[in-house]
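Tertiary structure, described
Chain residues, written in single-letter form:
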Amino acid sequence: MGDTESCSSRPADFVQSRSRNRRQRVEVYNEVICRLRDSNHEESKLPGFEDELWAHFHRLPTRYAMDVNAERAEDVLMHKRLLQSAHNPVTRPAIEVRLVQVRYITDGNFGDSVHSHSTGKLELKCSDHPSNQRLMHEITISTSDKPKLLSQLTSLLSEIGLNIIEAHAFSTIDGYSLDVFVVDNWAHEETKRLRNVLLKEIQKFEKNARLKSNAIYPVAVQEEKEINLMSNHVNIPADKMDVWEIDPSLLKYEEKVASGSYGDLYKGTFCSQDVAIKVLRVEHLNDKLRKEFAQEIFIMRKVRHKNVVQFIGACTRPPTLCIVTEFMCGGSMFDLLHKQKQTFDLPSLVRLAIDVSKGMNYLHQNNIVHRDLKSANLLLDENGVVKVADFGVARVQDQSGVMTAETGTYRWMAPEVIEHKPYDHKVDVFSFSIVLWELLTGKLPYEHLTPLQAAVGVVQQCTRPSIPSDTHPRLVELLERCWQQDPLLRPEFSEVLQLLQNLAKTCKQVTKERRENMQGAMKSMRRGRH
C-alpha cells in the first residue's frame, strides 16, 4: 500500500456529513455573536471572546448547534459559564434553575412542547393562546461526565416528584456534561428551593464517585462470580449509588439496525438522546446468554473513554432485557470495509488504528480483556472516530492474568485461545493485527478458507494473511510483531500506540514536503511562462 495523500481519507458520507455539520455550527456561532453584539452584551466586548465562544461550540457535539436556540444567545453564555464552573471541584456541580413559559398541545401531550427559553428547537403545533401556555422549571446541570450520569439525574428528578417534559443531554470532548431538563410538578415560587434540593442530592453521588477512585478499579474474580443469574432478574453487583437501571418506558424505538439469533439492535432515543438499544430476546434466554448479558453490563458500567462506546444504562427485568449505549451513526468497520468497499490511504489508516489502540490500551490498563476484538465490534461515530464495542465476552483479568475458555471469532482469534491454552490480554493484540491487516487490504481475513480451516492453519502451520508488497515497512514490522505465535513476543498496546503515533507524524511530514514541492513546481512553471 502506498503512502500517497488522498481526499478519500474518510467515507464520502462522513465527509459530507462533517461539512454540513461544520457549516451549521459556524452559522449558529455567527448568529449568536451577532445577537450578543446587537444587544451590546458586555461579555461580547472582552478580548478573545470570539475564540472562547468557538471553543465552547467545538467541545460539544454537533447536535448542540442544531438544538441551541440562537435567538436566546444569552443561553449559550449560560451554558459556557456552567461548563467552566464544572471544571472546578469547589463549584461542581454547576446548576441553573429558572421558570420558563411552555406552549403545548391542548390535549395535554407535552411531547411536542416548546418553551420560550428552551435550548430545544421543537416545532410549535398549536396557537399562541394563553390557555396553551404553562410555567415550568428549566434545570441545566453541568458536572463531570460518566456513563451512569443521565440515569442518575432522571432518577433523581423522578424521586423528588418532578415530571420530565423535555430533556437534552450533551457530553463534551473533555469529559463534562451539559444536561437540560424541562420539568413540572414544582411550585413556581420555590425555584430557589428546587435548586438547593438538586444541588444537595447531586453532591451526594458526586462525593460517592470520588470515593470510588475515579470510578475505575481492578475487580477480583470472586466479584465476577457474584453475578446472580436469577430466572426473573439479571442481578449485577452494584452499590446503592450505582444507578444505571433504566425505566423501559423512557426508551423510544425508532428503527431496527441489525438482527441476530438471540436479539436485535435498534436505533432509538432515551430522554431525547440518540441511543443504540441492544435487546435480548427473552424466549431464547438461557444461562449462557444471561451470563454474557450480565457480564457486558458489569464491564461497561466501569469504563469511560473517547474510544470506547459509552454505556448509558440497561433494563435487567424481563420482559425487557436490553443494554443502552450511545448511537454510532457510522456503523461498523466491518461494513465499511466489506460492504461499502471503503479504502484508506496511509494517514487515514493510521488514524483509525490509533483510535483502536487508544481504546484497547485503556481497557488493558484497567485489567479488561475484550476477547472478541474484530472489525464488526469497532464502530464509527459521525466524525469517523472509532470506538471499541460489544463486551459480551469481555472479562476482568485477575492477578494471575490467566484464562482458558475458548471465546471470540475464529478469523481474528489468537492461536492460544484456539488451542484452549491459558492466555492473557495479549490475545487482543493478536486480534488487533488482523484488524490492521483488514484496514490495509480491505479483504476478509483468510477469505478462501472456512473459519475452522483458518483456525487450524493459524495453530498448526502458523498461517497468517499475506501482507501486500507495497506496505509501509513500519506497518509490516508492527503486523509481524503483533501476530507472533508466542504471546510474550507481542507488544503491549501502549507500545503499539506509540509506534502508530510516530508513523502518523512521519506521514504528516511527508505530506507537508510533497505539498511544498508541488507548490514550488507550480511557481517554477508560472515563472517559465513569463
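**Comments concerning the sheet that holds strand E8 (residues 251-259)**
- With antiparallel pairing, 5 strands are arranged side by side in an open sheet as E8-E9-E10-E12-E11. The open sheet has two edge strands with one neighbour each: E8 and strand E11 (311-317). Each adjacent strand pair in this sheet contributes to an overall mean axis angle of 25°, direction not counted.
- Bridge count between E11 and strand E12 (residues 320-326): 6 bridges; the pairing is antiparallel. Within E12, the position partnered with Phe311 by the bridge is Thr325.
- Sitting on the sheet, helix H5 (residues 149-159) touches strand E9 (263-270), strand E10 (273-280) and E11, and the angle it makes with E9 is about 60°.

**Observations regarding the packing of helix H12 (residues 426-441) against helix H14 (residues 473-482)**
- One can describe the packing of H12 onto H14 by two numbers: an axis separation of 8 Å at closest approach and a directional angle of 145°. Of the two possible hands of crossing, H12 and H14 adopt the one that is left-handed. Contacts between H12 and H14 involve Val429, Phe430, Phe432, Ser433, Leu436, Trp437 and Leu440 on the former and, on the latter, Leu475, Leu478, Leu479 and Cys482.
- Of the residues assigned to the contact of H12 with H14, the class counts are 10 nonpolar, 1 polar and no charged.

**With respect to the packing of aromatic side chains**
- Going through the model one piece at a time under the given rule, you end up with 6 aromatic pairs.
- Between Tyr29 and Trp54, the ring centres sit 5.2 Å apart and the planes meet at 75°, which makes this aromatic pair edge-to-face. Taken together, the residues Tyr29 in helix H1 (residues 12-38) and Trp54 in helix H2 (residues 49-59) connect sequence positions 25 residues apart.
- Judged by relative accessible area, which is 11%, Tyr29 ranks as buried.
- Between Tyr64 and Phe170, the aromatic rings sit 5.4 Å apart at their centres with planes inclined by 85°, giving edge-to-face as the arrangement. Of this pair, Tyr64 sits in helix H3 (residues 62-67) while Phe170 sits in strand E4 (residues 163-171), and the two are 106 residues apart along the sequence.

**Some details on the layout of surface pockets**
- If you add up the space inside the second largest pocket, you get close to 1,500 Å³.
- Lining the second largest pocket are 41 residues, and of these Ala258, Leu265, Lys278, Asn377 and Asp390 sit closest to its centre.
- Every element with two or more residues in the lining of the second largest pocket is listed here: E8, E9, E10, helix H8 (287-300), E12 and helix H9 (333-338).
- It is H8 that provides the largest number of residues to the lining of the second largest pocket, a total of 6 residues.
- Residues of the lining of the second largest pocket, tallied by class, amount to 20 nonpolar, 10 polar and 11 charged.

Scoring rules and cut-offs
Residue numbers run consecutively from 1 along every chain, following the written order of its sequence. Residue-level local features of this predicted model are given only where pLDDT is at least 70; pairs of side-chain atoms are given and counted only at 80 or more, and the full residue set underlies all totals for whole chains, interfaces and linings. Where side-chain values are given, they derive from all heavy atoms of the structure, hydrogens and water being excluded. At least two bridges found by DSSP between two strands is the condition for calling them paired. Segments assigned H or I by DSSP are reported as helices when at least four residues long, segments assigned E as strands when at least two residues long, and all are numbered from the N terminus. Lines fitted to C-alpha atoms define the axes, with helix axes restricted to the stretch in contact, and inter-axis angles between N-to-C directions lie between 0 and 180 degrees. Whether two residues touch is decided by their heavy atoms; if any such pair falls within 4.5 Å, the residues are in contact. Working rule for handedness: look at the near helix, and if it is turned counterclockwise from the far one by less than a right angle, call the crossing left-handed; if clockwise, right-handed. As a working rule, the residues Ala, Val, Leu, Ile, Met, Phe, Trp, Tyr, Cys and Pro are called nonpolar, Asp, Glu, Lys and Arg charged, and the rest polar, with Gly in that last group. Pairing of aromatic rings covers Phe, Tyr and the six-membered ring of Trp, with a centre-to-centre limit of 6.5 Å; geometry is then stacked below 30 degrees between planes, edge-to-face above 60, and tilted otherwise. Any residue under 20% of the maximum accessible area for its type is buried, any over 50% is exposed, and the rest in between are partly exposed; the area is computed with a 1.4 Å probe on protein chains only. Computed over the protein atoms alone on a 1 Å grid, cavities are sets of points where a 1.4 Å probe fits but cannot get out and pockets are open sets with protein on both sides within 12 Å along at least five of seven lines; a residue lines them when it has an atom within 4 Å of a point. Grid points are joined across faces, edges and corners, and a volume is the space filled by probe spheres set on the points.

Honestly, that's just the spatial picture; any functional story needs more than this.
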